[in-house]
Amino acid sequence: MAQNHSAPAAPTPALGHPTGFWFFFWGELAERCSYYGMNAILLLYMTDTLKFAKPDASYWLNLFIAGCYFAPLVGGFIADRFLGKYWTIVLFSAPYVLGNALMLIPSTYALFGALVILALGSGVIKPNISTLMGLTYDQQRPGQDLLRSQAFSWFYWAINVGALISQTSMPLLRDHYGANQAFLLPTILMAAALVIFGLGRRHYAVETLTHPEPTPEERTERWHAVRRLLGVFLVVTVFWVVFKQYPSVWVEFTRDRVDTHVVLDVGLKDEAGKPKPLLDRQFAPDQFQALNAFFILTLLPTSVLIFSWLEKRGIRFRPTDKMQLGFAFVLATPLLFILADWSAGTGKAHLAWLVAIFFCITVAEVLISPVGLELAFIAAPKSIKSFITACFLLTVGFAGLINSYVAPLYTRTVPGGTERSFTPTQFFAGIAIASALAFVAFLFV
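Being a predicted model, the structure only gives us computed values, none of them experimental. (Residues numbered from 1 in each chain as written. Predicted model: local features only at pLDDT ≥ 70, side-chain atom pairs only at ≥ 80, totals over all residues. Heavy atoms only, no water.)

(A) Looking closely at helix H2 (residues 42-49). Judged by how many residues are buried, H2 sits mostly within the fold: six of eight residues are covered. For H2, the elements touching its buried residues are helix H1 (20-40), helix H3 (54-102), helix H4 (108-140), helix H5 (145-177), helix H6 (179-182) and helix H9 (249-257). Positive phi appears at Lys51, one or two residues downstream of H2, with a value of about 65 degrees. (Buried < 20%, exposed > 50% of the residue type's maximum accessible area, 1.4 Å probe, protein only. Helix = DSSP H or I, 4+ residues; strand = E, 2+ residues; numbered from the N terminus. Contact = heavy atoms within 4.5 Å.)

Structure representation (structure tokens):
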């Protein structure tokens, strides 16, 4: 009687996000909460506590941001050539905690020492954590590109949960306890991030460091990938120039040109029958940075749903299509600043203008930043994924370097006080021209 020797069934592919994703998610949330919390009050800490001149504070703040995004080149090189991604992240996270602790000391020397350590710690780990997450999906969920794409979006969502928490709470802590005491929160959060990431080690991708001499074909592939992405990265730099002005120029504009007194009257009355507003408060000008994170939390999941819905109906947006749309919103941002300045006249603009500005730049961010990060990961050859990711992050570094010279033009110190180099309308008109050029240039890219 013939035997039925059927072939063994293929293993069922694992479904859902791998366990390691949750360690990436919560670790990144804590680390970004630490970084954005420190960054949120940094400008006013330098001007109000350490008595920096406003242009000087803006210069050093943007130079610090540049350092945070130049350091990824170092992080990518160390991880790819020597330590691997996991150990690079762990070894540079420890001094990152120390840098936050130095901010507790009210001293200019402590400040500059802390900023150097923070820029190095934040920057070195930045390209490696997203790359390690991508490799984890490639190993543990092979072929599930949509799942990996969703992971990058939710990873970005975690970043902004952390930003929302810290950007909302840090100005409150500063006003209640003092700036230096408020920096204790970022210190604790970064220590928590290190512990969370370390606990997930066995759930991450297995890294094998090999350094074979690349073949001529591999060299060609690497250079082709770099050349193909170079144009995208150059134009993306303009987006970051506009976006990364929010901790400096935007805070100054809000302080000087926006009415931040919020009254919410819903008809309540006190015991004497007088109106009793539900909310009657003067908000700090740097507290509105949290609007960006708030909008991210709503717009990012919405964008995932919209693009998934369109793709099921045969309408597919390439990553570059999404980014092109994003540049339209980048252009709208400085135009809204100009309109807000006009509406203010000799007084102050309504807070609704600031809300609209943050909405526009956040839509642009959703369409450019996580999409560009994933595009860099996909387009890069396996042997230089951390390096290419670092190159994408380097666009923020160049933007910070540019802003270290551009942002102080908004105000400058002269003998006897501070005067404007440009009116707000003139300043943002220049930003609008650069944004328009970037929109056109990306059509060709």
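Still more ground to cover, so stick around.
(B) Focus on the environment of Leu199. Mapped onto the elements of the fold, Leu199 is located in helix H7 (residues 184-199). Among the residues examined, Leu199 registers a relative accessible area of 59% and is labelled exposed.

(C) Structural detail: the side chain of Thr88. When you line up the elements, Thr88 lands in helix H3. Among all residues touching Thr88, those that are not within four sequence positions of it are Gly75, Ile78, Ala79, Leu83, Val124, Ile125 and Asn128.

(D) Structural detail: a nonpolar patch on the surface. Residues Phe77, Phe82, Leu83, Trp87 and Leu91 make up a contiguous nonpolar surface patch of roughly 510 Å² in combined accessible area. Along the chain, Leu83 turns up in helix H3. (Patch = residues over 30% accessible without salt bridge, like charges linked within 9 Å, V, L, I, M, F, W, Y side chains within 5 Å. Areas by Shrake-Rupley, 256 points an atom, 1.4 Å probe, with all protein chains shown as cover. Salt bridge = Lys/Arg side-chain N within 4 Å of Asp/Glu carboxyl O.)

(E) Looking closely at the packing of aromatic side chains. Under the definition given, this model contains 41 aromatic pairs. When the centroid spacing of 5.6 Å and the interplanar angle of 75 degrees are considered together, the rings of Trp240 and Phe243 count as edge-to-face. Note that Trp240 and Phe243 are positioned in helix H8 (residues 216-243) at a spacing of three residues, about one turn of the helix. As far as the burial class goes, Trp240 and Phe243 line up, both buried. Measuring from ring centre to ring centre gives 5.3 Å for Phe307 and Phe317, while their planes differ by 65 degrees; the resulting arrangement is edge-to-face. Of the two residues, Phe307 sits in helix H10 (residues 290-312) while Phe317 sits in the loop between H10 and helix H11 (319-344), which places them 10 residues apart along the sequence. Cluster of aromatic residues (ring-pair linked, three or more members): Phe239, Trp240, Phe243, Tyr246, Trp250, Phe253, Phe337, Phe358, Tyr410, Phe427 and Phe428. (Phe/Tyr/Trp six-rings, centres within 6.5 Å; stacked < 30°, edge-to-face > 60°.)

(F) The nonpolar core, seen in detail. With 130 residues, the main nonpolar core has Leu42, Phe64 and Phe428 as its most contacted residues. Per element, the largest residue contribution to this core is 17 residues, and it comes from helix H12 (residues 351-379). Non-local contacts of Leu42, meaning those with residues more than four positions away in its chain, are made with Leu61, Phe64, Met103, Leu111 and Leu115. (Core = buried A, V, L, I, M, F, W, Y, C linked by side-chain atoms within 4.5 Å.)

(G) Inspection of the side chain of Glu31 at higher detail. Checked against the element boundaries, Glu31 lands in helix H1. A distance of 2.7 Å separates polar atoms of two side chains, one belonging to Glu31 and the other to Arg32. Looking at Glu31, its side chain comes within polar contact range of the side chain of Tyr96, at 2.6 Å. Aside from chain neighbours lying at most four places away, what touches Glu31 is Tyr96, Ser122, Ile125, Met190 and Ala193. (Polar contact = N/O pair within 3.5 Å; in protein donor to acceptor, adjacent residues only side chain to side chain.)

(H) Region of the structure containing the packing of H1 against H7. As a packed pair, H1 and H7 sit with axes 8 Å apart at the nearest point and diverge in direction by 160 degrees. With respect to H7, the element H1 is oriented roughly antiparallel. In this structure, the crossing between H1 and H7 has a hand that is left-handed. The residues of H7 that touch H1, namely those facing Phe23, Phe24, Trp26, Gly27, Ala30, Glu31, Cys33, Ser34, Gly37 and Met38, are Pro186, Leu189, Met190, Ala193, Ile196, Phe197 and Leu199. Among the residues forming the contact of H1 with H7, the class breakdown is 13 nonpolar, three polar and one charged. (Axes fitted to C-alpha atoms, helices over the stretch in contact; angles between N-to-C directions. Parallel < 35°, antiparallel > 145°, perpendicular 65-115°, else oblique. Left-handed = near helix turned anticlockwise from the far one by under 90°. Nonpolar A, V, L, I, M, F, W, Y, C, P; charged D, E, K, R; others polar.)

(I) Spatial organisation of the packing of H1 against H3. It is the contact of H1 with H3, at a shortest axis distance of 10 Å, that shows an interaxial angle of 160 degrees. Considered as vectors, H1 and H3 are oriented roughly antiparallel to each other. Like other packed secondary-structure pairs, H1 and H3 cross with a definite hand, here right-handed. Facing H1, whose interface residues are Glu31, Arg32, Ser34, Tyr35, Tyr36, Met38 and Asn39, H3 presents Leu61, Phe64, Ile65, Cys68, Tyr69, Tyr96 and Asn100. Classifying every residue of the contact of H1 with H3 gives nine nonpolar, three polar and two charged.

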